[in-house]
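What the coordinates show
These are the residues of each chain, in order.
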Amino acid sequence: MTYDREALQASWKRTRGHLDAARAHLMRRPGIDLSTTREFLEHNELGLAFDCMVHLADDLGLPLGFWQHMHRAAQEMRLYSDEPHMPHRKASASCLRHLAAASERE
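**Description of the overall build of the chain**
- Within the chain one finds five helices and zero strands.
- Secondary structure elements of the chain occur, N-terminal to C-terminal, as α-α-α-α-α.
- Over its C-alpha trace the chain gives a radius of gyration of 14 Å, about what one expects of a compact globule, namely 13 Å for 106 residues.
- Burial status across the chain gives 32% buried among its 106 residues.
- Looking at the chain alone, contacts between residues at least 24 apart form 66% of all its contacts between residues at least 6 apart.
- Summed over all atoms, the accessible surface of the chain reaches about 6800 Å², with 50% contributed by carbon and sulfur.
- If you average the places of the 14 positive and of the 15 negative side-chain charges in the chain, the two averages end up 4 Å apart.

Here you go:
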């Protein structure tokens, strides 16, 4: 397996950009505790930050832009899979459902 550190770091940077843009939507909401998400991001635990943000956003009715950033982050991390035991499967499936619903609203 070829290991391309530059490509990996570029992917992390793109993913982090999408997660930060999505997190900005959550920061505008009163009463949302983003401390756990921030900690995951500080430690480059991008998949865990993704899971946490999807969980926080589940019932907030966030706009399409939030879910588009989350979707792009999931794509960048290759979280969409049909494998039943893939990590982040539940959060990525929830992201797709919310993306579709937000698309229909807008």
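**Focus on unusual backbone geometry**
- Even without being a glycine, R78 presents a positive backbone phi close to 55°.
- You can see R78 is positioned in the loop between α4 (64–77) and α5 (89–105).
- Taking relative accessible area as the criterion, R78 reaches 68% and is therefore assigned exposed.
- The phi dihedral of H88 is positive, around 70°, even though this residue is not glycine.

**Some words on the packing of helix α1 (residues 5–27) against helix α2 (residues 35–42)**
- One can describe the packing of α1 onto α2 by two numbers: an axis separation of 12 Å at closest approach and a directional angle of 165°. When the interaxial angle is binned, α1 and α2 end up roughly antiparallel. The crossing of α1 and α2 is left-handed. For the pair α1 and α2, contact is made by R16, L19, D20 and R23 and by T37, R38 and L41, respectively.
- Residue composition of the contact of α1 with α2, by class: two nonpolar, one polar and four charged.

Procedures and definitions
- Residues numbered from 1 in each chain as written.
- Predicted model: local features only at pLDDT ≥ 70, side-chain atom pairs only at ≥ 80, totals over all residues.
- Heavy atoms only, no water.
- Helix = DSSP H or I, 4+ residues; strand = E, 2+ residues; numbered from the N terminus.
- Rg over C-alpha atoms; globule rule 2.2 N^0.38 Å.
- Buried < 20%, exposed > 50% of the residue type's maximum accessible area, 1.4 Å probe, protein only.
- Contact = heavy atoms within 4.5 Å.
- Areas by Shrake-Rupley, 256 points an atom, 1.4 Å probe, with all protein chains shown as cover.
- Lys, Arg positive; Asp, Glu negative; His and termini not counted.
- Charge placed at Lys NZ, Arg CZ, Asp CG, Glu CD.
- Axes fitted to C-alpha atoms, helices over the stretch in contact; angles between N-to-C directions.
- Parallel < 35°, antiparallel > 145°, perpendicular 65-115°, else oblique.
- Left-handed = near helix turned anticlockwise from the far one by under 90°.
- Nonpolar A, V, L, I, M, F, W, Y, C, P; charged D, E, K, R; others polar.

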